[in-house]
Every structure is written in structure tokens, then in C-alpha cells.
Amino acid sequence: MREIKTVTILGANGAMGSGSAGVIAAFGGAKVHMLARDVEKAKQGIEAAVASVKTDTIRARMIPGSYDADLEKAVAESDWVFELVAESYEVKEPINTRIAKARRPGTIVSTVSSGLSIGRLAKAYDEDGQKHYYGTHFFNPPYKMILCELVTHSGNDKKVTQALGEYLDKVLGRAVVYTNDTPAFAGNRIGFQLMNEVAHFAEKYADKGGIALLDEIMSGYTGRAMGPLATADFVGLDVHKAIVDNIYDNTKDEAHETFKLPGYFQKLIDAGKLGMKSGGGLTKVVKHADGKREKFVYNIKTGEYDPYPKFDIPFIKEARQKIKDSDYKGAMEVVKKASGVEADIARYFISRYISYSLSLVGEVVDTKENTDGAMGFGFNWVPASAFVDFLGGPKETIKLMEQSKIPVPKLLKDAKEGKKFYELGDKLDARSLFKG
Amino acid sequence: MSEKVFVLGGEQTDFQRNWTKEGKTFMSMMREVLDDALEKVGISYDEIKRLNKENRVAVFVGNFDAEQYANQGHLGAFLTEVNPALYGVPGARYEAACASGSVALDAAITHIRAEDYDLAIVLGVEVMKTVSSSVGGDFLGTAAYYDKEAKGVQFPFPKLFGKLADVILERYELKEERFMDALAEISRINYANAKRNPKAQTRTWFMNKEHAMARGGDNNMAVGGRLCITDCSQVTDGAAVTILASKDYTKEYAKKTGRKVDDIPRVKGWGHRVAPITFEAKKQESVGDKYILPWTRQTVKDAYKRADLDVKNIDVFETHDCFTSSEYAAISAFGISEPGKEHIAIEEGTIDFGGKKPINPSGGLIGVGHPVGASGVRMMLDLYKQVTNTAGDYQVKGAKNGLMLNIGGSATTNFVFILGK
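Quick caveat, the model's predicted, so the values are computed rather than measured.

Q: Can you tell me about the interface of chain A and chain B, naming the residues and giving the values?
A: Listed by partner, the interface residues are 25 residues for chain A and 23 residues for chain B. Of the roughly 1900 Å² buried where chain A meets chain B, counting both sides, 45% is carbon and sulfur surface. On inspection of chain A and its partner chain B, the count reaches five salt bridges. For Asp429 of chain A, the salt bridge is made with Arg17 of chain B, and the minimal N-O distance between the two is 3.0 Å. Of all the secondary-structure elements, those providing two or more residues to the side of chain A that touches chain B are α1 (15-27), α2 (39-53) and α13 (314-324) of chain A. Here the side of chain A that touches chain B is composed, by residue class, of nine nonpolar, five polar and 11 charged.

In C-alpha cells form, the structure reads like this:
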């Protein structure tokens, strides 16, 4: 296994930088150069790292520094340089030029980018540097979210990839998913497809309950702890836009049109209503004088915020009760048999999610276990393959897709009936991701 | 004895799950774990129906405190909710604090030895994340003498086992630094072992020796005298099932599943002793004895005698490390070291995963998690995995005989089982 004793973190004061540094210093026992714009910010990053993994033992081996004064020296003595600066070529490329000049042969350099081309970023390096350049896409917060998409590009060496993958897995405790250098990689490509298409449906059904209705239809019984639009509000509409725009501009697959940003998202972004981080977006919470909190939801038609409605949709209630009783197949039977527009929408998105996840095998990832891992460990969503089993197997799932006019991926057409389709069961109990 | 009761296998839930957060209950947990266990062992509900017609099957539910954690009693009857195939099957709940799983196992073993039943389903279950840790700590206080040892005390059990650490230190005149280092090593081993166990609560948590040694401060707070967070097992939600069978049924089962009876492990010995309930009484009683927990030692000796085995025959141990001090005391109780010299066995790596007498390859309560009523059943399941060479990444090479120690209260109810082929 690759020995990594010294690491340089660039962007040490950000949530991802400090959280990743905490994991590397704690699990990896590495000495970590914490670099930020100035030393004070780097020191704040160290404290955040300590707090994230809850161990004072790492403080002594974290060294604060600034890009201006310390980058070259820190990089020169590092086995791994992990760059977590702002998500743009304009910011990352000049830094890469500096790292490239200072790095020793054999040093791994990686970026946390969630969407930029790893191959393009690697171009700042010489041949040895390109061989050792990767995307290591950690998820936030790194200590709790153990997914790491290890993104390779054509210049990598398989042996180095394997050694780095082993280090990330065995030493840092990451659930490593290997992905190719494609826009947004695996997790975000699948996750944001669903979130964005749900957002379009919210607009289409704005009269029937819009945002709140769609999140109700796609709630815990469909295998996620948080509704897709609540998730978009949580990550920020600006971040959502950056991800879907990138995918829309750089891919041409069956779901291409679903990556178009809905107009009302842009409207909210233009008004500075970016989601929870800016005090409101798709939803907002108002604290009244008596201390009581009230939740509101954006009305796509009027542009106003309405009190967050409660729904009483019988099939959802019934499915939720089944999940509560750990009768997962029973819950899916309810969804399969229910009538009404809400049930049609639920079936459409379950089909779309499975279909799109499996369709990326071969392009974005080599095996379905990688897309399953990305969704299970990165988004806490029931992986597509596990869904196939809960729905009663490939045939039943294909039937559902055909009813919803969703393309049937080859992987599913070729699947054997009567055999478990989900193969990550020993690592991730998909049942735990359904919420009753 | 060793030709009477066989273990066919079982399953446990993922102890990392928080069922309350999932919107599920102890009931859903029972359903999942029993379905999984039967599937894994290869016994159908139809088979249970068949056996029930002849009154050959029974269920034994280990649970400590569903009344308080889940507002529900009468858990023995709840398997009927899992599947109608269990209508009419004799079933009851067994309780002995953290040894509830073992008292259920003991009842099942006894019934099979008495030839009352041919198949016994033992299910340990505890849902604990329904309340805050301080409220849960108070509930757990009822496993001690509540009025005298727990009432008004925040987290009573760390304090009781902290007292055990004090007595060990004083009685054996150990150097404090060396003793605390040994306790930290126990913690390190359990967490490290748990990383190999895909069902362990702490498998993604950070812990190493350096952190275990750094006691005090916000990140490793003192909770019971010398004992800090890293010295404690942590409560969790969880359930485990082991399925026991008579020799007659095991023969039928072996034939049906293409296995050999000789490859199916059997319960070779058991021990069950109850020490005085208060820790102070235990301490007074043990003055002058080589062992600080003489009844724990006696329980182990009883099991060895019944199995006609000794420590030299045991390849793997699962012990009740509710706290590092309880695992420390267990080392001499097992006979791995002389009392007072446990630290030497720890320092020499004897109890480590690759050592001569590995303890808790699963991760133990510290690593796997401690859903109290399920822990004894989980230990038996882990012994089964070890002696059938099916423990996966945490398999101890060539394990033939395993011993488990499960205790309730402050080492009050002691249960030991030996499993082997």
C-alpha cells in the first residue's frame, strides 16, 4: 500500500478542506500542511478539522501556512497534495502551475472538484505529474459522508490508481467509487438529474402543490431521507445551477433536456435567494416573536411564499406504514398499484432514477456497484440496483419503466430473474435508507 | 452435553442503524432480523409451521427494557407479528439486564437438552435511540441497585466500572500509567477489529491508541472516575438471532442442506452464576480472593468443566467489554493470565486479532456496539461464525472452539457459553 506521511491541503479553511484534513490527519496519521490565503485562516481550519473528527491528537501535526509564503516548501515535502480551492479553472489552474513546479516526482496531486475536467486540470503537469493527478471527490462533511469518487483520466497509471484507491479505502476509511472523467462524475450526475427533473415537475404541477407536492411524492418511502428539492435548497441553488449547467453543456444523453435549469430557479438565484444558506430559496423558515418557527414554500406561480402545506395522499400514507413495518416489497407493491397523478409521478421518477443510474454504466463507471455506491454512500439514497430487488426483480422493474415511457437500460434487460440484483448488501444495507 | 445442542447460524442487524431516525421500531427490527436469519440458515416459515404442528419449535426473546425505551412489554409474543407462521409457537421474553440475550440462550439450550423442542429461535433485541443518552443512562441504572447506586447519578454504569478500575489498580498494586495504557490498548484493539466487521456500529469512526490515551478534555471526556469515553461501549439499536437445534433436527437439517453434522458447531459447555448485586458488596466479598470478580471466574470454570476443556483449547473469545475495565478483568477470568497480570497479556499482544488468544475479533461491545438485550445473542452468533470459518474479514484463522462471556449489571449476572465442533 502507498505510504502517505505528509500531505498538503490547499483551501484549508473551507468546510471541505478542514473536514478532509481532519480525516487525513486522524485516520491517516499524516503530518498535514494546512494552507490558506493567510495563516490566521489556516489556523481556523485546523480548529475546524479538530472539531470535525473530535480528537485533539491531530492538532500537533497540522501546520498552518499561507499560499504566498509556504506553498512551494510544503508541496516539495509532501506525498500527496490535495487541492480544495474554489470550483473554477480560473482559480485552480494557476495554483496547479505552482504545484507542478514544486512537486517531487511520485507525489500525488488531487482535486476535490465535483465537476471540472480532471484531464484538463492535469495538463498543468509534466508526464509524471499527469500520471499522479486525480480527482478525489469527497462529500460534505467528510467524516460522516464516507464516499470518495476517485476520478481517473487517460494519463493515469493503473498501478498508482490501485494504490491510491487502497489507501483511501483501507487507511482513510472511504467508500471508494471509481469513476471516469465525465461531467459531474457519478453521484452528482445521477443525483442532480433527479433533483432537476423533479424541479421541472414542480413547475408543471405548480397548481397542485408545486415544490411541496413533489417533495412529498419523492419523500422517505422512495428511499431518501430528504426530498430532492429540500436537498437542492440545502446545497444551494447556485451550486445546483453550476452542476446542472455543466452537465447540460457537456453531455448529450437521453436525459439531456432534464438538465436545463428551471426558470424559477434562475429567478430565485438572481434575487439572492439561494436556499438555506441565504435564509431562503425554495423554502424558508420564519421565526415568530413568540419563538415559534414556521416553514414557508415558494409559490412558482405567484413568486410569493405560502405556508408549507400538509398533504393527505392515501397511497403515500400506506406505503410509509409498510416501510415503518420494514415491509419494503409491500411498500413498492402499493406504489406499483396506486392510481392517480401523484402515483404516476412517483412511478415515473423511480423508473427514471433506476434507468438513468444503470444507463451510465460503461460511460461514467465500469460497473453498477460504482453508481450504487455513489448514491448509497454519497447521497444516502437507496441505490438503483437495490430498488430493482424491492420492486420484485428486473422484469417487474422493466414493466414499470415501460409504463412510464422511460428507456430500459441494457444492463436490466440482460439481468437474470430470480437472482439478487443488488450486490453491495454486505457493505450497505439499502433498507436503512428508506424512511417510514 | 456437547452432543445435545447445535447452533445452525443466524444473523444480526447493522448496529450502525438508527431505527428511530429511519421511522422504524423494535418491531420492524425483529421482522428484518428474523427474516434475514431464517434466509441465511435456510429454514423457511413453512418449516416452522410444520415443526409447530408437532410442538417442536419455540422462540426465546432476550430484551432488557422495552417498557422504558419503546413503551412496550410482552415482547415474547411479538414474533407472531413477524409472521403468522409463528402463531401458536411457544415464546417468551427473558431479562437479565445486559445478559438478557444469554438468559434467553440459556432457556433455549435447557429446553433442547431436556428434549422439549427440536428447534429454538433465540432473538435478542433492544431499541435505545428513542431517548437521549442521559435519559437512557438512567434507564440503564435499573440494571444496578437503582436506589442505592443509580438514583440521581448521571451515567451510573461508567461510574461503577470506573470503581472496578480503581479496585484492580489498588488490589494488584499496579502502576497507574501501565494499567491505563493497557486499558487504552483494549480500546484500540476493539475499534481496530470492528473496522473489519461490516455490521459494527463504529466501523467508520475514528479511534487509535493515541486518542484512547488522550483522556480528558472535550473530545475524550471522563465519564466514570478514570474511565473516559474511549473506555466505554456505546449503546445502539440492534437485534441478533441465533438458531439452536437438537441433534435429531440437526441431522435432518444437515441432510437437507448438504452439510455434515460434524461441521455444525455444538454448545459444549455453559456457566451461570450471580454475584451480589451492588458493586460495594462485590468488592467486600472479594477481599482476600485472587480474583476481584470471583463469580465471573467461577462461571468460566463451570463452563470449562462442563465442556471438559480448558483455556488452552479455546481459540477465540467474545467478551463483555461494556468498559475496558470489564474486559481487563475477563482476561484472568478466562485463565489467559494470572489475576493481576492481565496487562502483560495485553502488552504481549496475546489478545490482539493476530495473537494467541484473540478477544473480540468482532470488535466486541466497544466496537460492534451494545444494544443491551441483543449483545449475548450477537456474541453467540459471532462464535458460530468463527468456528464455522464464516466470519469473513474478521475470521480468526483455524478457530475450532470459542468462548463467550456476557454479563448483566456490574458483573452481577454472569453467563458463559463454549461453542465448538
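Q: Could you give me a rundown of the side chain of His33 of chain A, with the residues and numbers involved?
A: Mapped onto the elements, His33 of chain A comes out in strand β2 (residues 31-36). Here His33 of chain A is in contact with Thr6, Val7, Thr8, Ile9, Ile63, Ala74, Glu77 and Ser78 of chain A, once residues within four sequence places are set aside.

Q: Can you tell me about the UniProt feature "domain: Thiolase N-terminal" (unreviewed entry) in chain B, naming the residues and giving the values?
A: On the UniProt side, "domain: Thiolase N-terminal" (unreviewed entry) is annotated at positions that read residues 5-201 of chain B here. In residues 5-201 of chain B, helix accounts for 49% and strand for 13%; the two terminal C-alpha atoms are 30 Å from one another.

Q: Tell me what's going on with the domain arrangement of chain A, and back it up with residues and numbers.
A: Often, the extent of an interface is quoted as the loss of accessible area on bringing the components together. All names here are of chain A. Its domain assignment divides chain A into domain 1 (6-180) and domain 2 (187-271 + 311-433). With 13 residues of domain 1 at the interface, the matching set in domain 2 holds 14 residues. Viewed at the interface, domain 2 and domain 1 are joined by five residue pairs in polar contact (both at pLDDT 80 or more). Where the side of domain 1 that touches domain 2 is concerned, the elements lending two or more residues are β7 (147-151) and β8 (175-179). Considering every element that reaches the side of domain 1 that touches domain 2, the biggest residue donor is β8, with four residues. Here the side of domain 1 that touches domain 2 is built from residues that sort into seven nonpolar, five polar and one charged.

Q: Explain a nonpolar patch on the surface residue by residue, including any values.
A: All names here are of chain A. Judged by side-chain polarity, Met226, Phe234 and Met276 come together as a nonpolar surface patch covering roughly 310 Å² of accessible area. Along the chain, Met226 falls in the loop between α9 (210-217) and α10 (228-235). For Met226, a relative accessible area of 34% puts it in the partly exposed group.

Q: I'd like a rundown of the pairing of strand β10 (residues 401-408) of chain B, residues and numbers included.
A: Residue and element names in this part refer to chain B. Judged by how many residues are buried, β10 sits mostly within the fold: eight of eight residues are covered. Across the two faces of β10 the burial is the same, with Asn401, Leu403, Leu405 and Ile407 and Gly402, Met404, Asn406 and Gly408 all buried. When strand β9 (residues 316-318) meets β10, the two strands line up parallel, connected through three bridges. Following the sheet pairing, Glu318 is matched in β10 by Met404. Here β10 runs beside strand β11 (residues 413-420); their pairing, made up of eight bridges, is antiparallel.

Q: Quick one: what's the story with α2 of chain A, residue by residue and with numbers?
A: Residues and elements named next belong to chain A. Its 15 residues give α2 an end-to-end C-alpha distance of 21 Å, which sits within 8% of 21 Å, the value for a rise of 1.5 Å per residue. All of the buried residues in α2 are Ala42, Gly45, Ile46, Ala49, Val50 and Val53. Around the axis of α2, the buried residues are gathered within 140 degrees of arc, so they sit on the same side. Seen from the open side of α2, the exposed residues pointing more than 90 degrees away from its buried face are Gln44 and Ala51. Residues of α2 that are buried in the fold lie against α1, β2 and β3 (62-66). Capping the start of α2 is the job of one residue whose side-chain oxygen sits 3.1 Å from the backbone nitrogen of Glu40: Asp38. Directly beyond the C-terminal end of α2, a positive phi value near 55 degrees is found at Lys54.

Q: Outline helix α7 (residues 158-171) of chain A, listing residues and values.
A: Residue and element names in this part refer to chain A. With 14 residues, α7 ought to run about 20 Å at 1.5 Å a step, and its terminal C-alpha atoms sit 19 Å apart, in line with that. One side-chain oxygen at the N-terminal end of α7 lies 2.8 Å from the backbone nitrogen of Lys159; it belongs to Asp157. A positive backbone phi angle near 70 degrees is found at Gly173, which sits one or two residues after α7.

Q: Break down the UniProt feature "domain: 3-hydroxyacyl-CoA dehydrogenase NAD binding" (unreviewed entry) in chain A for me, with residues and values.
A: Under the local residue numbering, the UniProt record ascribes the feature "domain: 3-hydroxyacyl-CoA dehydrogenase NAD binding" (unreviewed entry) to residues 6-181 of chain A. Secondary structure content for residues 6-181 of chain A is 43% helix and 23% strand, while the C-alpha to C-alpha distance between its ends is 27 Å.

Q: I'd like a description of the sheet that holds strand β5 (residues 108-111) of chain A, backed by residues and values.
A: All names here are of chain A. In space, the eight strands of this open sheet follow the order β3-β2-β1-β4-β5-β6-β7-β8, with mixed pairing throughout. What marks the edges here is a single partner per strand, and that holds for β3 and β8. Across the sheet, the axes of successive neighbouring strands diverge by a mean angle of 25 degrees, strand direction being ignored. Both β2 and β3 contribute to a ladder of five bridges, which runs parallel. Paired with Leu35 across the bridge in β3 is Gly65. Taken strand by strand, α1 contacts β1 (6-10), β2, β3, β4 (80-83) and β6 (133-138), and its axis lies near 170 degrees from that of β2. Helix-sheet contacts for helix α3 (residues 67-76) involve β1, β2, β3 and β4, and the interaxial angle to β3 is about 130 degrees.

Q: How would you summarise the packing of helix α5 (residues 100-113) of chain B against helix α17 (residues 375-387) of chain B if you had to cite specific residues and measurements?
A: Axis separation between α5 of chain B and α17 of chain B bottoms out at 5 Å; the angle between their running directions is 65 degrees. Between α5 of chain B and α17 of chain B, the contacting residues are Gly101, Ser102 and Leu105 of chain B on the first element and Gly376, Val377 and Met380 of chain B on the second.

Q: How would you explain the packing of aromatic side chains if you had to name every residue and give the values?
A: All names here are of chain A. Tallied over the entire structure, the rule returns 32 aromatic pairs over all chains. An angle of 25 degrees between the planes, with centres 5.2 Å apart, marks the rings of Phe201 and Tyr348 as stacked. Taken together, the residues Phe201 in helix α8 (residues 187-204) and Tyr348 in helix α15 (residues 341-359) connect sequence positions 147 residues apart. Each member of the pair Phe201 and Tyr348 is classed as buried.

Q: Pulling in residues and values, what's your account of the nonpolar core?
A: Of all hydrophobic cores here, the largest spans 96 residues; its most connected members are Leu214, Tyr264, Phe315 and Ile354 of chain A. It is α15 of chain A that provides the largest number of residues to this core, a total of 10 residues. Both of domain 1 (6-180) and domain 2 (187-271 + 311-433) of chain A provide at least three residues apiece to this core. In contact with Phe315 of chain A, other than residues within four places in its own chain, are Tyr221, Val334, Val335, Ala338, Glu342, Ala343 and Ala346 of chain A. Judged by nonpolar contacts, the second largest core, of 90 residues, contains Ala104, Leu309, Ile407 and Ala411 of chain B.

Q: Break down the UniProt feature "domain: Thiolase C-terminal" (unreviewed entry) in chain B for me, with residues and values.
A: Following the UniProt record, one finds the feature "domain: Thiolase C-terminal" (unreviewed entry) at residues 296-421 of chain B. The distance from the first to the last C-alpha atom of residues 296-421 of chain B is 25 Å, and the span holds 37% helix and 15% strand.

Q: I'd love a proper account of unusual backbone geometry, names of residues and values included.
A: Each neighbour pair has its own omega, and for Asn140 of chain A with Pro141 of chain A the value is -5 degrees, a cis peptide bond. For Pro141 of chain A, the location among the structural elements is in the loop between β6 and β7. Phi is positive for Asn55 of chain B, close to 55 degrees, though the residue is something other than glycine. By the secondary structure assignment, Asn55 of chain B is in the loop between α2 (45-53) and β2 (57-62).

Q: Describe the sheet that holds strand β10 (residues 293-298) of chain A, naming the residues involved and giving the relevant values.
A: Residues and elements named next belong to chain A. Spatially, three strands are ordered β9-β10-β11 in an open sheet, and the strand pairing comes out antiparallel. Strands with a single pairing partner mark the edges of an open sheet, and in this sheet they are β9 (283-287) and β11 (305-307). Each adjacent strand pair in this sheet contributes to an overall mean axis angle of 40 degrees, direction not counted. In the sheet, β9 pairs with β10 via five bridges, with the strands oriented antiparallel. In the sheet register, Lys284 faces β10, and the bridge partner there is Phe296.

Q: Before we move on, could you go through the pattern of salt bridges and cite the residues and values that matter?
A: Counting across every chain of the model gives 67 salt bridges over all chains. Notably, a salt bridge pairs Lys199 of chain B with Glu11 of chain B, separated by 3.3 Å at the nearest N-O pair. Within this pair, whereas Lys199 of chain B is found in the loop between α9 (176-194) and α10 (209-213), its partner Glu11 of chain B is found in strand β1 (residues 5-12), the two being separated by 188 residues in sequence. For Glu11 of chain B, a relative accessible area of 7% corresponds to the buried category. Two residues, Glu176 of chain B and Arg226 of chain B, come together in a salt bridge whose shortest N-O distance is 3.1 Å. Of the two residues, Glu176 of chain B is situated in helix α9 and Arg226 of chain B in the loop between β5 (222-224) and β6 (227-228); the sequence distance between them amounts to 50 residues. Through salt bridges with shared partners, one network takes in Asp429 and Arg431 of chain A together with Arg17, Glu22, Lys24, Glu32 and Asp36 of chain B.

Conventions adopted
Residues numbered from 1 in each chain as written. Chains lettered and ligands numbered in written order. Predicted model: local features only at pLDDT ≥ 70, side-chain atom pairs only at ≥ 80, totals over all residues. Heavy atoms only, no water. Contact = heavy atoms within 4.5 Å. Buried area = accessible area lost by both parts, 1.4 Å probe. Salt bridge = Lys/Arg side-chain N within 4 Å of Asp/Glu carboxyl O. Helix = DSSP H or I, 4+ residues; strand = E, 2+ residues; numbered from the N terminus. Nonpolar A, V, L, I, M, F, W, Y, C, P; charged D, E, K, R; others polar. UniProt positions renumbered as here; feature names shortened; annotations may be inferred. Domains from an automatic or database assignment. Polar contact = N/O pair within 3.5 Å; in protein donor to acceptor, adjacent residues only side chain to side chain. Patch = residues over 30% accessible without salt bridge, like charges linked within 9 Å, V, L, I, M, F, W, Y side chains within 5 Å. Areas by Shrake-Rupley, 256 points an atom, 1.4 Å probe, with all protein chains shown as cover. Buried < 20%, exposed > 50% of the residue type's maximum accessible area, 1.4 Å probe, protein only. Pairing = 2+ DSSP bridges. Expected span 1.5 Å × (residues − 1). Arc of directions from axis to C-beta. Axes fitted to C-alpha atoms, helices over the stretch in contact; angles between N-to-C directions. Phe/Tyr/Trp six-rings, centres within 6.5 Å; stacked < 30°, edge-to-face > 60°. Core = buried A, V, L, I, M, F, W, Y, C linked by side-chain atoms within 4.5 Å.

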